[in-house]
Each structure stands twice: as C-alpha cells, then as structure tokens.
Amino acid sequence: TTNTMSYYQNTGVSNRKQQQYGGTYGQQGTYGGANSHAQQGAAFYNNPSAASAPVPAAAPTTWQPTPAPHSGNQINLGGSTNTDSGNSMNSMNAAPNSGGGGAQPGPTVQQSQQPEQPQLWNPANINSMMKNDMVMNMAYDGGKAFLANGAARMIPGLELLMVTLRYYFAVDNSYVLHKMQRVLFPFLKKDWKRLEAEGHGNVKYALPRFDENAPDLYIPFMSLVTYVLLCALLFGSKGQFTPEALPEITTRCFVTQILEVLAIRLGHYVMQVPCSLLDMFCFTGYKYMGLCVNMLVGLFFGYWPYYGTMTWTASATAFFMLRTMANNVPRITATNGPKREVMVMVFAASQALTMWWLSQTKLLSE
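A. View of unusual backbone geometry. A positive phi angle is found at Gln 272, which is not glycine, with a value near 60 degrees. Its place among the elements puts Gln 272 in the loop between α9 (245-271) and α10 (277-285). Looking at Gln 272, the relative accessible area reads 62%, which means it is exposed.

B. Representation of the pattern of salt bridges within the structure. According to the stated counting rule, one finds 3 salt bridges in the structure shown. The partner of Asp 279 in a salt bridge is Arg 194, with the nearest N and O atoms 3.9 Å apart. Placement of the pair is Asp 279 in helix α10 and Arg 194 in the loop between α7 (173-184) and β3 (196-197), with a sequence separation of 85 residues. Assigned by exposure class, Asp 279 and Arg 194 land together as buried. A salt bridge links Glu 260 to Lys 287, with the nearest nitrogen and oxygen atoms 2.8 Å apart. A residue pair is termed long-range when its members are at least 10 positions apart, and Glu 260 in helix α9 and Lys 287 in helix α11 (residues 287-301) qualify at 27 residues. Lys 287 matches Glu 260 in its accessibility class, with the two residues each being buried.

C. Focus on the side chain of Asn 213. For Asn 213, the location among the structural elements is in the loop between β4 (204-205) and α8 (218-237). Among the polar contacts listed, one links the side chain of Asn 213 to the side chain of Arg 182, at a separation of 3.0 Å. Those residues in contact with Asn 213, other than ones at most four positions away along the chain, are Lys 179, Arg 182, Asp 191, Trp 192, Lys 193 and Arg 194.

D. View of the side chain of Gln 351. Within the secondary structure, Gln 351 sits in helix α13 (residues 340-358). Excluding residues that lie within four positions of it along the chain, Gln 351 makes contacts with Glu 260, Phe 283, Thr 284, Lys 287, Thr 317, Ala 318 and Met 321.

E. The arrangement of the packing of aromatic side chains in detail. Under the definition given, this model contains 9 aromatic pairs. Ring centres 5.2 Å apart and planes at 90 degrees place the aromatic pair Tyr 167 and Tyr 168 in the edge-to-face group. Between Tyr 306 and Tyr 307, the aromatic rings sit 5.6 Å apart at their centres with planes inclined by 85 degrees, giving edge-to-face as the arrangement. What links up through ring pairs into an aromatic cluster is the set Phe 185, Phe 187, Trp 312 and Phe 319. Lying over the aromatic face of Tyr 205, Arg 194 brings its terminal NZ or CZ to 4.1 Å of the ring centre. The ring of Tyr 288 is capped by Lys 287, whose NZ or CZ atom sits 5.5 Å from the centre of that ring.

F. Inspection of the packing of α7 against helix α12 (residues 303-328) at higher detail. At their nearest, the axes of α7 and α12 sit 7 Å apart, and the two run at 105 degrees to each other. Accordingly, the angle class assigned to the pair α7 and α12 is roughly perpendicular. Taken together, the residues of α12 that come into contact with α7 (itself represented by Lys 179, Arg 182, Val 183 and Leu 184) are Trp 312, Ala 316, Thr 317 and Phe 320. Its residues placed into classes, the contact of α7 with α12 shows 5 nonpolar, 1 polar and 2 charged.

G. Main features of the packing of α10 against α12. At a closest axis distance of 10 Å, the pairing of α10 and α12 adopts a crossing angle of 160 degrees. As the angle between them shows, α10 and α12 are arranged roughly antiparallel. Our pair here, α10 against α12, has a crossing hand that is right-handed. Between α10 and α12, the contacting residues are Met 280, Phe 283 and Thr 284 on the first element and Met 321, Thr 324, Met 325 and Asn 328 on the second. Each residue belonging to the contact of α10 with α12 can be placed in one class, and the counts come to 4 nonpolar, 3 polar and no charged.

H. Quick look at α9. Here α9 contains 27 residues, and its C-alpha end-to-end distance of 39 Å stays within 8% of the 39 Å for a straight helix at 1.5 Å per residue. Turning to α9, its buried residues number three or more, namely Ala 245, Ile 249, Cys 253, Thr 256, Gln 257, Glu 260, Val 261, Ile 264, Gly 267, His 268 and Met 271. Where α9 is buried, its residues meet α8, α10, α11, α12 and α13. Positive backbone phi, approximately 60 degrees, marks Gln 272, located one or two places after α9.

Rules used in this analysis
Residues numbered from 1 in each chain as written. Predicted model: local features only at pLDDT ≥ 70, side-chain atom pairs only at ≥ 80, totals over all residues. Heavy atoms only, no water. Helix = DSSP H or I, 4+ residues; strand = E, 2+ residues; numbered from the N terminus. Buried < 20%, exposed > 50% of the residue type's maximum accessible area, 1.4 Å probe, protein only. Salt bridge = Lys/Arg side-chain N within 4 Å of Asp/Glu carboxyl O. Polar contact = N/O pair within 3.5 Å; in protein donor to acceptor, adjacent residues only side chain to side chain. Contact = heavy atoms within 4.5 Å. Phe/Tyr/Trp six-rings, centres within 6.5 Å; stacked < 30°, edge-to-face > 60°. Lys NZ or Arg CZ within 6 Å of the ring centre and 35° of its normal. Axes fitted to C-alpha atoms, helices over the stretch in contact; angles between N-to-C directions. Parallel < 35°, antiparallel > 145°, perpendicular 65-115°, else oblique. Nonpolar A, V, L, I, M, F, W, Y, C, P; charged D, E, K, R; others polar. Left-handed = near helix turned anticlockwise from the far one by under 90°. Expected span 1.5 Å × (residues − 1).

Shape is all these values report; function is a separate question.
Here it is as structure tokens:
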C-alpha cells in the first residue's frame, strides 16, 4: 500500500508539472499516454474508493508551442505517440529530476525575414531621363567642368581631340536634311563657298549647323554604320550571314578610306597647299550615303536596279567632291607641281572608284 501511494503521489506531481507547462505532457510526443495515468493517480489519491471507476480518454487537441516563462528555448514535443505504460512511467519518473523542469530544450523557432531587394537601375527609364531638362543640364555642366578643371589634361591629347571634334559634330536636323540633299542632288546647287566666321588671325569658318557647305563627321559616321548593317541584312537574307561579316565590311571601309585620304594628302603636299585630314575624312565619308541608297534598292529590286542607282549616286558623289575641292584647294599652287585642275579631277574620280570597290553585289539576285 505504501508503494502504491508513493507511485500515485509521483504521478500526481508529474500531472502538476504538465499543467505548469501548458498541459502538453501526455498528449503527444515522448510522453504519450501519461495523461490517463495522471488522472487515475489523482483520483485514487483523493478518493481511493473511486480508483476503480473508468476514466474517459482525453480528447485530442491541436498542439501549439508555448514558450517557457523563464527560458527562450522551445520545448520539443515532436515525435510519434507512444501509449506504452512502461515508457510513460519512466518518462514521468525522470521528469522531476531533470534540470530544466523535465523538458529537453529543442531548437528555437525563428521567423525567416526576407532581405529587401536593392533598387537596381532600369534601362527603361532612360527615355524619361533624357527628357528631363535638369538631368541634361547636369550632364552638360559635368562635361564642362571636366574640361574647365583641367581633368582632361591628365590624358595627353584628349582635351585637344575633344575640342577639335566638337566642331564636326555641331549639327542639327536642318543641317542634316540640307546636307543629304546637297550630296545626293549636287547638280541643283550653285553656292559652294563656305561661310567665314569672325575671328582674328587665321580664317575661321562657321559651324556646320550655320553653313551647309561645312564638313561634318556625323553624317559619314552614321552612314557607315547604316551601310554595314544593310550589308549584314543582305547576307542574312541569303542565309550566308556570319558574325565575322560585320568586322570584315567595317575594316574594308576604314582601310579604303584611310588610303584614299593619304593619297589626297599626298596630292596636296605635291601642290604645296595646306590640307586638313579631318576635313578630308568628312568629304570622303559622304560616299557611304550613296552606298546606303544603292544597297536599299538592291535589297528590294535586285541586281540591275542596283547598278542603275549606283550610276546616279557615284556621279553625284564625284560631282560633289569636284565642287567642294574646287572651293577648298587654294588657287595658287607650286609652279613645278601638278596642275590644280588635274588634281581636283583625280580627287573627284576617286569617289566613284571607291564606291564601286566597296559595293557588295555578289549576293544580289538578278
């Protein structure tokens, strides 16, 4: 009798322990089945005569983790339900002797917090940035300060190059339209003399946007890029496009134009007259506009219309070069050198020859 009383006393103590920790012992986990024994022990301890009465089974409840009042660790009650009475008694007997109130500390449940995504630059916003006057003014002021503060002087020749190229890209829409008409239809123009700007000492000419006879690098550069893309389109339409086609066509155009400019510079040297290399690159670069027109006609209409158009564009470019060089080469040349009129005619004829050399006609359909 004494052993029985001691057993149910221990069982009652365990029952009070499980009530202290939220009533979770005996419902699930490693302490499965302890709830019914605890109820029987409590009933016998209070009323021994009612020990034989059946105790209804506890209704299953949904387990929710409840943190201990004085500890940051969570009680781990995971596992399968165990109804073996022997294991239940061992678990209950071991509960009072455990240092942490009979519960083994389990892993702490932490809420996962997703880090905030950084704001990345969106290329789709570039149009709104370009339309913002404040952004454009900031870019202009930054470039102006870059030159004014002398930062560009740290790179040898960079400041001089930027100042020099600024003149050749000072164009607007009106200049581009009138210049294209002058290159493609030069027979309709009569005024070919460049406008002179006010200056002291050396003669200075007006900017391209104020004078359609002034040379520029914008139209030659854009015409070259367009011509290379049209050639790539021609190769692609015939199923013969390769990535090497773009650099091959570009290199061929550059090498041809450089040799042409050097030949013109040699002619000026023989005549002993000054010559600007950048001006020569501009004048010899206008033929790419005629090449673009030829390629467009060839893509849509074929081989023979291409050569019909090329006859016009080559003649127009040669005439444009003739009138331009006639107004830019000084009339007084070396007495023992070649005649000025002959050299001007050679410069003009070179435009038609180089246009034929740079033509891509092998893939055009007849």
